[in-house]
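# Topology and contacts: notes
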Amino acid sequence: QVQLVESGGGLVQAGGSLRLSCAASGFTFSSYYMAWYRQAPGKQRELVAGISSGGSTNYADSVKGRFTISRDNAKNTVYLQMNSLTPEDTAVYYCYVQLLRTYWGQGTQVTVSS
């Protein structure tokens with residue numbers, strides 16, 4: 001079965017960095033677009049960054065220049081390097097893949113203190 005397991009969240013001060021990981025299993029990871037979404041309290045879930053099977057990336061305007069998405073197909077893992085974090089980045093971050101249906105990880109909490 002498809003599984004997406006996120007890790008790497010935590011509490012960090014403004015200006016700090018975190019690296020999120022999402023370990024995927026149950027499908028041919030290298031063939032699929034992967035993405036990170038986030039959801040802050042009281043807000044809709046939003047796309048943060050995505051990466052195609054070929055390595056092309058896309059980012060939300062709010063994170064461009066600060067966040068970097070990457071993938072390691074040998075490890076079936078997608079990463080999100082987050083730098084220059086601000087309190088506005090506080091949210092639960094979810095890993096995403098669209099197969100015949102959408103799959104989400106369980107989420108990892110990122111809290112940025114001011």
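A brief structural summary. As a convention, each chain's residues are numbered from 1 in the sequence order in which they are written. Thresholds applied to this predicted model are a pLDDT of at least 70 for local features of residues and 80 or more for the giving and counting of side-chain atom pairs; totals over whole chains, interfaces and linings are not thresholded and use all residues. Heavy atoms from the whole structure form the basis of all side-chain values; hydrogens and water molecules are not counted.

### Quick notes on the environment of Gln 1
Put simply, DSSP marks the helices as runs of H or I at least four residues long and the strands as runs of E at least two long, and each gets a number from the N terminus on. Turning to its location among the elements, Gln 1 is positioned in the segment before strand E1 (3-7). With 93 residues separating them along the chain, Gln 1 and Tyr 94 place their C-alpha atoms 18 Å apart. Throughout, a residue-residue contact means that at least one pair of heavy atoms, one from each residue, lies within 4.5 Å. If sequence neighbours within four positions are ignored, Gln 1 has contacts with Ser 25 and Gly 26.

### Quick look at the sheet that holds strand E7 (residues 67-72)
A pair of strands is treated as paired once DSSP finds two or more bridges between them. Strand order across the open sheet formed by four strands is E1-E3-E8-E7, with antiparallel pairing between neighbours. The sheet is open, and its two edges are formed by E1 and E7, each paired on a single side. Ignoring which end each strand starts from, the neighbouring axes of this sheet average 15° apart. Pairing analysis gives five bridges linking E1 to strand E3 (residues 18-25), with the strands arranged antiparallel. By the bridge assignment, Glu 6 is partnered in E3 with Cys 22. Axes here mean lines fitted to C-alpha atoms, for a helix over just the part in contact, with angles spanning 0 to 180 degrees between N-to-C directions.

### Things to note about the nonpolar core
One recurring pattern in soluble globular proteins is that nonpolar side chains are buried together. One finds Met 34, Trp 36, Val 78, Leu 80, Met 82 and Tyr 93 to be the most contacted residues of the largest nonpolar core, which totals 29 residues. Elements that contribute at least two residues to this core include exactly E3, strand E4 (34-39), strand E5 (46-51), E7, strand E8 (77-82), strand E9 (91-98) and strand E11 (108-113). Take the buried residues of types Ala, Val, Leu, Ile, Met, Phe, Trp, Tyr and Cys, join any two whose side-chain atoms come within 4.5 Å, and each joined set is a nonpolar core. The buried label goes to any residue with under 20% of its type's maximum accessible area, the exposed label to any with over 50%, and the partly exposed label to all in between, with areas taken from a 1.4 Å probe on protein chains only.

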